[in-house]
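An overview of the molecular structure
Each chain is listed here by its residues.
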Amino acid sequence: MSTTVDAAIADLRQLGLLALLDVLPRRPGERPEDTLLDLKLVDDRALALALAIRSGRTFAGLRHTVPDHRLFLYLPLHVAQRERIIPLSLVENRLTIACAYLDPDLSAVADRFPNLELELLVSPRVEILQALQRVGA
Amino acid sequence: MFIGGYRVSDVEVALASLEFSLGQIRLELTSLQRRVNVDEGVIDDQQARLAALRTAESKALAQVALLEEARADSARETAWRIEAAEQEAAAAQAEAQRVRAEHDELLRRLQELTRDLGADDVPERPASDEPESDSQPTPPVVTLLPREAAPEPTAAFETSVELDAGPFDDLASLTAFEQSLAEVPQIAEIYVRSYEEGRATFELQLREPTDVIDAMSSRLPYRLDVTESDARRIVLTVLPLALPA
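Quick summary incoming for the structure in this document. Predicted model only: the values in this text are computed from it and were never measured.

Notes on the overall build of chain A
Helix and strand counts for chain A stand at 6 helices and 4 strands. Along chain A, from the amino end to the carboxyl end, the secondary structure elements read α-α-α-β-α-β-β-α-β-α. Taken across its 137 residues, chain A has 48% of its residues classed as buried. Partitioning the intrachain contacts of chain A with sequence separation of at least 6 by distance along the chain shows that 54% fall at a separation of at least 24. Summed over its atoms, the accessible surface of chain A is roughly 6800 Å², and 51% of this surface lies on carbon and sulfur atoms.

A look at the pattern of salt bridges
Here the structure, examined in full by the defined rule, presents 23 salt bridges over all chains. In this structure, arginine 63 of chain A engages glutamate 203 of chain B in a salt bridge whose closest nitrogen and oxygen atoms are separated by 3.1 Å. One end of the pair, arginine 63 of chain A, is in the loop between β1 (59-60) and α4 (77-83); the other, glutamate 203 of chain B, is in strand β3 (residues 199-206), on a second chain. The exposure class assigned to arginine 63 of chain A is partly exposed, which follows from its relative accessible area of 23%. As a salt-bridge pair, arginine 7 of chain B and aspartate 10 of chain B come within 3.4 Å of each other at their nearest N and O atoms. Through salt bridges with shared partners, a single network forms among Arg63 of chain A together with Glu189, Arg193 and Glu203 of chain B.

Concerning the pairing of strand β2 (residues 187-196) of chain B
With 2 bridges connecting them, β1 of chain A and β2 of chain B associate as antiparallel partners. Across the sheet, the residue bridging to alanine 60 of chain A is serine 194 of chain B, located in β2 of chain B. Across 8 bridges, the pairing between β2 of chain B and β3 of chain B is antiparallel. Bridge pairing in β3 of chain B links glutamate 189 of chain B to glutamine 205 of chain B. Following β2 of chain B, the chain reverses through 2 residues before pairing antiparallel with β3 of chain B; glutamate 197 of chain B in that reversal takes a positive phi of roughly 50°.

Here's the deal with the side chain of arginine 125 of chain A
Position of arginine 125 of chain A among the secondary structure elements: in helix α6 (residues 125-136). If we ignore the near neighbours within four places in the chain, the residues touching arginine 125 of chain A are Asp34, Leu37, Asp38, Asp44, Arg84, Ala100 and Tyr101 of chain A.

Topic: the interface of chain A and chain B
Listed per partner, the contact involves 27 residues of chain A and 23 residues of chain B. For the pairing of chain A and chain B, the buried interface totals around 2200 Å² over both sides, and the portion due to carbon and sulfur atoms is 52%. A per-residue breakdown of the area chain A buries against chain B is headed by Ile53, Arg63 and Arg70 of chain A, which together make up 30% of the total. Where chain A meets chain B, there are 6 salt bridges.

Rules used in this analysis
- Residues numbered from 1 in each chain as written.
- Chains lettered and ligands numbered in written order.
- Predicted model: local features only at pLDDT ≥ 70, side-chain atom pairs only at ≥ 80, totals over all residues.
- Heavy atoms only, no water.
- Helix = DSSP H or I, 4+ residues; strand = E, 2+ residues; numbered from the N terminus.
- Buried < 20%, exposed > 50% of the residue type's maximum accessible area, 1.4 Å probe, protein only.
- Contact = heavy atoms within 4.5 Å.
- Areas by Shrake-Rupley, 256 points an atom, 1.4 Å probe, with all protein chains shown as cover.
- Salt bridge = Lys/Arg side-chain N within 4 Å of Asp/Glu carboxyl O.
- Pairing = 2+ DSSP bridges.
- Buried area = accessible area lost by both parts, 1.4 Å probe.

Written as structure tokens, this is what we have:
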């Protein structure tokens, strides 16, 4: 997984979006993606696209997306906020989840609903957070 | 002289009587002791059984709680699925009505066009519904029949258009195409809605209803093969044009 993230970051560097990354120290215990986003070295959408293309996952833009609040029966809101993920749909036994990162901790969902099949998409972090804010609105 | 006191025989009788009573009491005491021992054993047994029953009760309560939780989960899931299925059915019904209305509208327009051209011998239904006759000449209005393949380019699009384009093998090619789109003056806003297996879906906001395919063809450094288009959606294959030497 880390290799994929590194490859995606390399893509962004080639596009000239990460000119400052080489001179910035990594913050210990933090995802490199978070460093890039928090320091605004790259925008969420470009990073999500790079991660999606590199990992072979589907990219999904979430602008104006209002998630179905019933899906939070399967994926608790506090887990969604902590892991930067959001449930998008449930068809048969397949729960589709948009993630800001490639490796969210979904053990709480897998333990509680072992028969659910989880499909992970990649979405911009800021759009996930905005969509989560719309849940309670 | 009379000396007062007890006679030996009387004392011996009294002592014998006392010893007899004492023996009776001892026997009774022994019997009671045995009964107490037996009762204590029974009490111990009952206490052991009570403890076992309490353990079984707590296990049963835990199982009931688990079953209740599983049942609640299952009920929630079932309710959600029923609701989703109902919504899907309603959407399908609405879509069917829309398609039916569109079909009726197309038939109506076909009849109007037929009337306008004065082709009285054109059937109202598609030709395949009626037997063909060799003696009749082929009507000259065959092109009026609905064509499903080879979509005609739409002259003017709505201001909100979905553009499905590809292939883009990497981030660089996708970004380059997006930047090229941004240079088309008729396009006010571009939003990447999705990307999957090399194809991206863009949401384009146009400044006004216009022929955006024509605008893109003249501006973009790509060859655009349009495979499908209507007023709201365009599907095209993107091929970069070779740069002049």
